[in-house]
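Commentary on secondary and tertiary structure
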Amino acid sequence: MNPPTSAPARNTKVMNRFDLTARLVARLKNEEAVIGGIGNTNFDLWAAGHRPQNFYMLGSMGLTLPIALGVALAQPQRRVFALEGDGSLLMQLGCLSTIAALAPQNLCMIVMDNGIYQITGAQPTPAAAVADIVAIAAGCGLANSAWAADEQDFERLIEQSLSATGPTLIGARIDDRPGTGTTRRDPAQIRERFMLGLGVRQPL
Ligand SMILES: Cc1ncc(C[n+]2csc(CCOP(=O)(O)OP(=O)(O)O)c2C)c(N)n1
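In this text, all values refer to a predicted model and were calculated from it rather than measured experimentally. (Residues numbered from 1 in each chain as written. Predicted model: local features only at pLDDT ≥ 70, side-chain atom pairs only at ≥ 80, totals over all residues. Heavy atoms only, no water.)

A closer look at the site of the ligand
Our working rule: For this description, a residue counts as near a given molecule or strand if any of its non-hydrogen atoms is within 4 Å of it. Within 3.5 Å is the distance limit for a polar contact, defined as a pair of N or O atoms, with the added protein rule that one can donate a hydrogen and the other accept it, and that residues adjacent in sequence qualify only through two side-chain atoms. Reported accessibility uses the Shrake-Rupley method at a 1.4 Å probe radius. Residues are deemed covered only where the shown protein chains occlude them. Strands are runs of DSSP state E lasting at least two residues, helices are runs of H or I lasting at least four, and both sets are numbered from the N terminus onward.
Close contacts around the ligand come from 16 residues, with G87, S88, I116, Q118 and I119 the closest. Here Q118 contributes a backbone N or O atom positioned 2.9 Å from an oxygen atom of the ligand. Here an oxygen atom of the ligand sits 2.9 Å away from a polar atom, N or O, in the main chain of I119. In isolation the ligand exposes 590 Å². Once the protein is present, 73% of that is buried. It is helix α4 (residues 86-90) that provides the largest number of residues to the shell around the ligand, a total of three residues.

As structure tokens, this is what we get:
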């Protein structure tokens with residue numbers, strides 16, 4: 001049997017995770033929540049400048065979008081962004097159709113697709129050869145899903161998502177550079193700080 005030939009479209013620029021994350025953070029003016037995924041997505045979110053509304057996932061692949069969904073449903077007046085790696089999302093694809101079905105209009109998912117499990121040694125993910133994250137999202141019912149063609153297109157898609165009336169997903173092809181910072185590995189602190197930042201916990 002021949003190997004699959006439906007390689008993902010490659011008409012998008014290969015960008016950089018930290019650069020894109022900094023561009024996102026620079027556009028946030030209304031205490032939007034940002035959920036960073038395991039490893040590199042949260043390292044770059046931290047390096048782009050900590051905000052009280054940032055949450056940094058530790059240890060579990062694929063939980064960024066489910067956590068962001070919970071925040072978006074709990075606080076519908078707040079815009080919520082999720083930053084996830086392609087390998088992590090591929091481990092948890094069921095969340096895409098759940099999000100499409102619940103359709104929170106305040107949720108924007110950003111998938112940083114380097115086609116590798118970068119942090120564990122750059123093993124290739126299925127996204128490198130056969131799986132197109134944006135096509136998968138669209139097939140799950142997330143009609144407002146698109147690849148960012150370049151940095152300007154990424155910023156345009158972010159801007160659109162800030163006034164979207166349904167969930168949005170942005171795919172970004174990125175290089176293989178590791179994250180630029182590291183969060184302190186303290187889950188209790190991360191949770192408490194985030195709850196304060198979201199106004200659901202009062203300072204002691
Ligand atoms: C359930 C589970 N399996 C494996 C791991 C080990 N692991 C941690 S991060 C990671 C790779 C994540 O890849 P991706 O989401 O594409 O992000 P990247 O490292 O490329 O930024 C792996 C395999 C884990 N933490 N949890």
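Section: the nonpolar core
Put simply, the rule reads: The term nonpolar core refers to a set of buried residues drawn from Ala, Val, Leu, Ile, Met, Phe, Trp, Tyr and Cys, joined through side-chain atoms within 4.5 Å. Under the scheme applied here, a residue whose accessible area is under 20% of the maximum for its type counts as buried, over 50% as exposed, and between as partly exposed, the area being computed with a 1.4 Å probe on protein chains only.
Counting residues in each nonpolar core, the largest one holds 53 residues, and the members touching the most others are L24, F81 and I110. Per-element accounting of this core gives the leading share, six residues, to strand β4 (residues 107-113).

Remarks on the side chain of T12
Using the following cut-off: The contact criterion used throughout is that any non-hydrogen atoms of two residues lie within 4.5 Å.
Mapped onto the elements, T12 comes out in the segment before α1 (17-26). Classification of T12 as buried rests on a relative accessible area of 12%. A distance of 3.1 Å separates a polar atom in the side chain of T12 from a polar atom in the side chain of R173. Dropping the residues within four chain positions of it, T12 is found in contact with W147, A148, A149 and R173.

Considerations on the environment of A103
Here A103 is to be found in the loop between α5 (94-102) and β4. For the pair A103 and D19, spaced 84 residues apart in sequence, the C-alpha separation works out to 29 Å.

A word on the environment of N40
Residue position: N40 is located in helix α2 (residues 40-47). Assessed through its relative accessible area of 8%, N40 is described here as buried. Along the backbone, N40 and E84 are 44 residues apart, and their C-alpha atoms lie at a distance of 8.9 Å. Within the local environment of N40, its side chain forms a polar contact with the backbone nitrogen of G179, the two atoms lying 2.8 Å apart.

Brief notes about the sheet that holds strand β3 (residues 80-85)
The criterion, for reference: Between any two strands, at least two bridges found by DSSP are needed for them to pair. Axis definition: a line fitted to C-alpha atoms, limited for helices to the stretch in contact. Angles are taken between N-to-C directions and run from 0 to 180 degrees.
What the six strands build is an open sheet, ordered β2-β1-β3-β4-β8-β7; its pairing is parallel. Looking at which strands have only one partner, the edges of the open sheet turn out to be β2 (54-56) and β7 (145-147). Strand-to-strand, the axes of this sheet are offset by a mean angle of 15 degrees, without reference to chain direction. On top of the sheet, helix α3 (residues 64-74) reaches β1 (33-36), β2, β3 and β4; it is set at about 175 degrees to β3, its chief contact. Most of the contacts of helix α7 (residues 151-161) go to strand β8 (residues 168-173), to which it runs at about 165 degrees, and overall it touches β3, β4, β7 and β8.

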